[in-house]
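# Coordinates in review
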Amino acid sequence: MTDNIPLQPVRRPKRHDSKHRNGCCPWSRCCGMGDFRPRTVWLGHPEKREQRYPRNVINNQKYNFFTFLPGVLFNQFKYFFNLYFLLLACSQFVEELRLGALYTYWVPLGLVLIITIMREAIEEIRCYLRDKEVNSQIYSKLSTRGTVKVKSSGIQVGDLIIVEKNQRVPADMIFLRTSERNGSCFLRTDQLDGETDWKLRLPVACTQRLPTAGDLLQIRSYVYAEEPNIDIHNFIGTFTREDGDPPVNESLSIENTLWASTVIASGTVVGVVIYTGKELRSVMNTSNPRHKVGLFDLEVNCLTKILFGALVVVSLVMVALQHFAGRWYLQIFRFLLLFSHIVPISLRVNLDMGKMVFSWMIKKDSKIPGTVVRASTIPEQLGRISYLLTDKTGTLTQNEMVFRRLHLGTVAYGMDSMDEVQSHVFSAYTQVSLVQWTESVGLTLVGRDQSSMQLRTPTGQILNFTILQIFPFTYESKRMGIIVRDESTGEITFYMKGADVVMSGIVQYNDWLEEECGNMAREGLRVLVVSKKSLTEEQYQDFEARYVQAKLSVHDRSLKVATVIESLEMEMELLCLTGVEDQLQTDVRPTLEILRNAGIKVWMLTGDKLETATCTAKNAHLITRNQDIHIFRPVTTRGEAHLELNAFRRKHDCALVISGDSLEVCLKYYEYEFMELACQCPAVVWDGGNDVSMIQEADCGVGVEGKEGKQASLAADFSVTQFKHLGRLLMVHGRNSYKRSAALSQFVIHRSLCISTMQAVFSSVFYFASVPLYQGFLIIGYSTIYTMFPVFSLVLDKDVKSEVAMLYPELYKDLLKGRPLSFKTFLIWVLISIYQGSIIMYGAMLLFESEFVHIVAISFTSLILTELLMVALTIQTWHWLMIVAELLSLASYIASLVFLHEFIDIYFITTVSFLWKVTVITLVSCLPLYILKYLRRRFSPPNYSKLTS
């Protein structure tokens, strides 16, 4: 169960800066925590603390019980349009501005707020329950009274906590003891850094040697720990036992830590707590992701501003036509209230609810199982993708290395000549993706622990080696090393492997390394350089002394340790080059073909050599066979960049391949010119890039759960399990979400403009009086009960089947021009609204009989029927819920007429006269539009209609 605890994921594990994160803001000083400082933590004695430490509670909620309602209301009314509607509703308390019953303004606003508050409340409750589950987990604690049970929220700095296998580590701890016989344990860190591989951790040697765990309380010892920070990959500290003779000092590094949110994968461990609560590494790394606003929302905001401008203009015109007589300034406010429906208050709620439906559809699609939507505010953005920036390893490729080539300087071996290698290995012993390969040629790893390893030769002989030192791989060093002693001969050897770009400056000079690395890179292989160096006992003892001293240093430890290691990394003997191939993901080629046909330009980022990157791009069909490739020459100065950009400008329809260093120079001096040229390329390949930061900065970030872990997908707005699912996510769900959102927004605007046009016609006919046409429940029911469900049912509409959208990705290309929601379509719908509103109002006034109440009955009924018919005329693929929504709305209106006698003459609506007048007005308002739509589809059909006919 502990594996599935829904913790807040770490968002930026690879980017370290000094900015305050969520939970470690400047307010922490006001909360009694003080500045972040190093600390001395006595084992099993939390009372001996030097300062106040935060409680060990996880809190991911945005509000508490007292701040919830004020916070939600503030977040709603800080936006202009929400505040505008609030001011309109409040104005009805002023007698001179009141146009009708108070509820006609407060009920719509209240409904919007209630929906928002309920949505926020549900999210807060879910968050509270998740936090409570984590904070209430029970752990065992070593104390002078024996082993006692304690909740996670009750753990303090200095406590000795026992964590069982498959249990989550509740706080940041130093690893003291393990039950494993090999003296180590493994952690699962996917909830911390997103990586799925297990991490090895080592206990403090002094405490591991104690007979029992209870002895930890009998010794006088403490841990010195650095100040809390966000770096999950490094730690500086020391362990001191004062009651020993002599006193014991051990350096502590990342290998001795058990960070909170990790899970123990092997054995039972005991650790001393050094950080809690807001000082946890996982909490300090948790940052609220950037709130992304899609292009569609920006366009809708622009349209609503235009509508607000129209509202002001219409109000001023009405007062101007009265020649600004009397208290004209009050009349302006009354007309602003009267025509306030021009700006639809329900638009935002309808769109937000639509986004929730689209997100649900994505998650429930059985053809892209495992897809997760983390940003439900931008699903329609998936239908507007112009550029796809993709990482290579683990995204386009499977991150499964296949051994392809071995180069020994004088001879190279491919997969077809491995039998020769096997014979060489066999002959040598008769007088690590690499571990499987060595086994295939006769050299097998049969045993390995923290201090030794055993190899079996082809003859069955066991070779024993003692592991003296291990230097793990880091992103900065791009290499790793090990020092071993051959037990049979006593020889000490330092082995190192790493990328050719760093190893070329470490190994002895030779005339074939650079050439062969280039050859392998051009075949699309990743190159690994292996080297060794023999050490005498004196050399190793000198190195060990300096290395231990550097590891005990508190200040600049990393720099000092690196300096000592580098003293060994000189003039090493080059052993061999190995070339491995990273297999492409399944269906990556057809997926890229779909994206290319959809008008999406793909840019690939990789840390490989340019030759390797180019080869991979060709293999993945990112670059087509008949496409020219411009490999940007290395540039270091402004002049060189200018010349190379001029050469690149002369080429057309050409893919670009550029290194990170050259890219940096171009962006420094010619950012605009370079980006203009690059954006014209059908494909771009460049060096460098971090998938997490790239996803977070993107307008729409999609992560793929690959073998490198879930780090990128946890930071993404959408995550898929396979790269090939990206095609359906964009072509089907992205396209549908965008087109449905456009249709929904235009209909909500049309619904509001229709009734506003009718009010304008009514006021104009009756001498520009600021008197409402519809009052009370009529105005509320129009946009809720009578038309809401049919209009919202447009979120289920689709122009083509999903299979057709996948088969013809060219349909997606039409969306990139923004045609579903543009100034042109907006103007068309404005004209339709003005036409229909005018026809309904003038028709009702022309055909009414003797009483004003008949105008209301005829016009309002015609308005409802027109809206229902317009929805029906717009729908392209009927869904049974659409039919239910239409019939339910019509039935609701007919049933409610019994209760509307205050506004509508009940006896009049049962007459034949009423029925034919409503029928004629409705037909005149809708029939011409249907004819125009039919003619357009007949003589100038849209692309999708050609595929459905």
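All of the points below concern the structure found in this document. (Residues numbered from 1 in each chain as written. Predicted model: local features only at pLDDT ≥ 70, side-chain atom pairs only at ≥ 80, totals over all residues. Heavy atoms only, no water.)

### A closer look at the overall build of the protein chain
- The number of helices and strands found in the protein chain is 33 helices and 30 strands.
- Within the span of the protein chain, comprising 949 residues, buried residues form 51% of the whole.
- Of the roughly 45,300 Å² of accessible surface on the protein chain, 58% is carried by carbon and sulfur atoms. (Helix = DSSP H or I, 4+ residues; strand = E, 2+ residues; numbered from the N terminus. Buried < 20%, exposed > 50% of the residue type's maximum accessible area, 1.4 Å probe, protein only. Areas by Shrake-Rupley, 256 points an atom, 1.4 Å probe, with all protein chains shown as cover.)

### What about a nonpolar patch on the surface?
- Judged by side-chain polarity, Leu 923, Leu 927, Tyr 930, Ile 931, Leu 932, Tyr 934, Leu 935 and Phe 939 come together as a nonpolar surface patch covering roughly 830 Å² of accessible area.
- On the secondary structure map, Ile 931 appears in helix H32 (residues 912–939).
- Under the relative-accessibility criterion, Ile 931 is labelled partly exposed at 42%. (Patch = residues over 30% accessible without salt bridge, like charges linked within 9 Å, V, L, I, M, F, W, Y side chains within 5 Å. Salt bridge = Lys/Arg side-chain N within 4 Å of Asp/Glu carboxyl O.)

### A closer look at the environment of Thr 616
- Structurally, Thr 616 can be placed in helix H18 (residues 610–619).
- In this structure Thr 616 comes out as buried when scored by relative accessible area, which is 8%.
- Sequence spacing of Thr 616 and Leu 584 is 32 residues, and the spatial spacing of their C-alpha atoms is 8.6 Å.

### Quick notes on the sheet that holds strand S5 (residues 172–178)
- An order of S3-S2-S4-S13-S5-S11 is seen for the six strands of this open sheet, with the pairing classed as antiparallel. Pairing within the sheet leaves two strands with one partner each, and these edge strands are strand S3 (146–151) and strand S11 (257–258).
- Both S5 and S11 contribute to a ladder of two bridges, which runs antiparallel. Bridge pairing in S11 places Met 173 opposite Leu 258. (Pairing = 2+ DSSP bridges.)

### Some words on the nonpolar core
- Counting residues in hydrophobic clusters, the biggest one holds 95 residues, and the most contacted among them are Leu 592, Leu 595, Ile 600 and Leu 730.
- By residue number, the principal contributor to this core is helix H24 (residues 725–765), which donates twelve residues.
- Look past the residues within four positions of Ile 600 in its chain and what remains in contact with it is Ile 385, Ser 386, Tyr 387, Leu 388, Leu 595, Leu 730, Met 731 and Tyr 812.
- Counting 48 residues, the second-largest nonpolar core is a separate cluster that includes Ile 161, Ile 219, Ala 225 and Phe 239. (Core = buried A, V, L, I, M, F, W, Y, C linked by side-chain atoms within 4.5 Å. Contact = heavy atoms within 4.5 Å.)

### Overview of the sheet that holds strand S10 (residues 248–252)
- Taken together, the four strands give an open sheet; going across it, the order is S1-S8-S9-S10, and neighbouring strands pair in antiparallel fashion. On the outer flanks of this sheet lie strand S1 (39–42) and S10, each paired with one strand and no other. Mean inter-strand twist for the sheet, computed between neighbouring axes without regard to direction, equals 20°.
- With four bridges connecting them, S1 and strand S8 (residues 221–225) associate as antiparallel partners. When the sheet's bridge partners are listed, Val 41 is paired in S8 with Val 223. (Axes fitted to C-alpha atoms, helices over the stretch in contact; angles between N-to-C directions.)

### Re the pairing of strand S4 (residues 160–163)
- Burial along S4 is two-sided: Leu 160 and Ile 162 and Ile 161 and Val 163, pointing in opposite directions, are all buried.
- As paired elements, strand S2 (residues 138–143) and S4 share three bridges and run antiparallel to each other. Within S4, the position partnered with Ser 140 by the bridge is Ile 162.
- In this sheet, strand S13 (residues 269–275) lies alongside S4 in antiparallel orientation, the contact comprising four bridges. Bridging from a neighbouring strand, Ile 161 pairs with Gly 271 of S13.

### Some details on the side chain of Asp 365
- Mapped onto the fold, Asp 365 is located in the loop between helix H9 (347–363) and strand S14 (372–373).
- At 2.6 Å, the side chain of Asp 365 forms a polar contact with the side chain of His 733. (Polar contact = N/O pair within 3.5 Å; in protein donor to acceptor, adjacent residues only side chain to side chain.)

### Points about unusual backbone geometry
- For Glu 571, which is not glycine, the phi torsion reads 50° and is therefore positive.
- For Glu 571, a relative accessible area of 55% gives the class exposed.
- With a phi close to 65°, His 621 is a non-glycine residue in the positive phi region.
- Turning to its location among the elements, His 621 is positioned in the loop between H18 and strand S26 (628–631).

### Quick notes on the pattern of salt bridges
- Per the counting criterion, the structure on display carries 23 salt bridges.
- Between Glu 120 and Lys 62 there is a salt bridge; the shortest N-O distance is 3.2 Å. With Glu 120 in helix H3 (residues 103–135) and Lys 62 in the loop between S1 and helix H1 (68–77), this pair connects stretches of sequence that are 58 residues apart.
- Note on Glu 120: relative accessible area 16%, which makes it buried.
- A relative accessible area of 58% places Lys 62 in the exposed class.
- Taken together, the shared-partner salt bridges in this structure form one network comprising Arg 119, Asp 297, Arg 348, Asp 352, Lys 355 and Glu 380.

### Describing a positive patch on the surface
- Taken together, the side chains of Lys 813, Lys 817, Arg 819, Lys 824, Lys 933, Arg 936 and Arg 937 present a region of like positive charge at the surface.
- Broken down by element, the residue count for the positive patch peaks at three residues, all from H32.
- Within the element layout of this structure, Arg 936 appears in helix H32. (Lys, Arg positive; Asp, Glu negative; His and termini not counted. Charge placed at Lys NZ, Arg CZ, Asp CG, Glu CD.)

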